[in-house]
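Read off the chains here:
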Amino acid sequence: MIMDKKIRVAVFGAAGYAGEELLRLLLRHPNAEIAAITSRKNAGEDVATVFPRFTGLPLKFVAPSEAMENKNFDAAILALPHGLATEFAVPLLQAGVKVFDISADFRLKSTAKYKEYYKADHPAPELLSQAVYGQPERYREQLKTADLVACAGCYPTSSILPTAPLLAAKLALPDGIIISSCSGVSGAGRKVDLPYIYPECNESIKAYATVGHRHLPEIEQELAFAAGVPEIALNFIPHLAPLNRGINSTIILNAAPGCTLEKIGEVYEAAYGKEQFVRVLPAKRCADTKYVFMTNCCEIGYNFDARTNKIIVTSCIDNLTKGASGQAIQCMNIRFGLDEAAGLL
């Protein structure tokens, strides 16, 4: 583990919520130096004009083209919309920069699924086999040598981490999975859009995209990998909740024969007992967004309903930290041989 090495990091798309969170974490990272922050709209402006919390810091936004011309950094974190991230990832990889993509551009292994859910042909299909899925608890060894990391999405992180161990251990069946998730408004990005302004979303909670949400194929892909089956079809029902940040997911699974509450606990202990950023609660307790706010932790609660033969799991993350920026930094730490928790505690 390298304790004194400095990694020069560029943040592309630094003017959004994920970008702000990246800056917050990188500024306190003992081994990271911010080499560039990009924004087309805010190029040339001090960081404090967009994020007053950083007043006094000598940081200015630059145009993405300027950062791409210099490339004087070791790692690039892409906090960009899907489709746009690939435009930067390809030349950065060619220049030897390690790329950590927060968008969905490289998460799906199937180009057909990408086209189905993102309504376009994949812009760089040759890179899909190279990309490592950015979920450290499941792909830590592969991340150690990855040049391109497709950081897991926020809803998928809250869904996959609590579900994958149960499927891998054959304690839950891969059929009939239902995931109901509530997300804070920051998950929609930093934009002015009617459904996300305060009078529309305060004191209100509503489901949306109950069929065909874009995160669905990512969840299905990774759970199929965990279960060792060709594919999984599940129901994913997202909700918009009156929170700034946070995701609360409830997952209902059909239990395999012989499942007990104690066995569920044993599976979680084996999977996450030594993990710094997954906290499994005692049996029958439920996860709470309050206790993961502005942390890189995923909190998991579990119960077993013998009457209906269902495993009921709850999980909570902060969508901007463990669901995006914090997880990207965790992956970066692994890739560069740093303390995995650097900048995240």
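Here, every reference points to the structure presented above.
Conventions adopted
- Residues numbered from 1 in each chain as written.
- Predicted model: local features only at pLDDT ≥ 70, side-chain atom pairs only at ≥ 80, totals over all residues.
- Heavy atoms only, no water.
- Pairing = 2+ DSSP bridges.
- Helix = DSSP H or I, 4+ residues; strand = E, 2+ residues; numbered from the N terminus.
- Contact = heavy atoms within 4.5 Å.
- Axes fitted to C-alpha atoms, helices over the stretch in contact; angles between N-to-C directions.
- Patch = residues over 30% accessible without salt bridge, like charges linked within 9 Å, V, L, I, M, F, W, Y side chains within 5 Å.
- Areas by Shrake-Rupley, 256 points an atom, 1.4 Å probe, with all protein chains shown as cover.
- Salt bridge = Lys/Arg side-chain N within 4 Å of Asp/Glu carboxyl O.
- Buried < 20%, exposed > 50% of the residue type's maximum accessible area, 1.4 Å probe, protein only.
- Right-handed = clockwise from strand over helix to strand, strands pointing away.
- Core = buried A, V, L, I, M, F, W, Y, C linked by side-chain atoms within 4.5 Å.
- Phe/Tyr/Trp six-rings, centres within 6.5 Å; stacked < 30°, edge-to-face > 60°.

**Looking at the sheet that holds strand S6 (residues 132-134)**
- Here we have seven strands laid out as an open sheet, ordered S3-S2-S1-S4-S5-S7-S6, and parallel in their pairing. Each edge of the open sheet carries a strand with a single partner, namely strand S3 (61-62) and S6.
- Here two bridges tie strand S2 (residues 32-38) to S3, and the two strands are oriented parallel to one another. Each residue of the ladder has a partner; that of Thr-38, found in S3, is Val-62.
- In the packing of helix H11 (residues 321-335) onto the sheet, contacts are made with strand S1 (7-12), strand S4 (75-78), strand S5 (98-101), S6 and strand S7 (148-151), and the angle to S5 comes to roughly 155°.

**Some details on a nonpolar patch on the surface**
- Taken together, the side chains of Ile-178, Ile-252 and Ile-312 define a hydrophobic patch exposed on the protein surface, amounting to about 190 Å² of accessible area.
- Locating Ile-312 in the fold gives a position in strand S14 (residues 310-317).

**Comments concerning the pairing of S2**
- Burial analysis of S2 places five of its seven residues in the buried class, which makes it a mostly covered element.
- Both S1 and S2 contribute to a ladder of six bridges, which runs parallel. Looking at S2, one finds that Val-9 is bridged to Ile-34.
- Assessed by its sense of winding, the connection that carries the chain from S1 through helix H1 (residues 17-27) to S2 is right-handed.

**With respect to the environment of Pro-230**
- Within the secondary structure, Pro-230 sits in the loop between helix H9 (216-227) and strand S10 (235-240).
- Judged by relative accessible area, which is 84%, Pro-230 ranks as exposed.
- Through-space distance from the C-alpha of Pro-230 to that of Lys-206 is 33 Å; in sequence the pair is 24 residues apart.

**Section: the nonpolar core**
- Ile-37, Phe-100, Leu-166, Leu-234, Ile-264 and Ile-311 are the most contacted members of the largest nonpolar core, which totals 90 residues.
- It is helix H7 (residues 154-168) that contributes the most residues to this core, seven residues altogether.
- For Leu-166, the contacting residues outside a window of four places in its chain are Leu-171, Ala-172, Leu-253, Ile-264, Val-267, Tyr-268, Ile-311 and Val-313.
- In terms of nonpolar packing, the next biggest core, distinct from the first, is built from 25 residues, Ala-76, Leu-80, Ala-85 and Leu-128 among them.

**Here we look at the packing of aromatic side chains**
- Going through the model one piece at a time under the given rule, you end up with eight aromatic pairs.
- With a centroid separation of 6.1 Å and an interplanar angle of 85°, the aromatic rings of Phe-51 and Phe-54 are classed as edge-to-face. For the pair formed by Phe-51 and Phe-54, the shared burial category is buried.
- Relative to Tyr-302, the ring of Tyr-268 has its centre 5.6 Å away and its plane inclined at 50°; by these criteria the two rings are tilted. Taken together, the residues Tyr-268 in helix H10 (residues 261-272) and Tyr-302 in strand S13 (residues 298-305) connect sequence positions 34 residues apart. Of the two residues, Tyr-268 and Tyr-302, both sit in the buried class.

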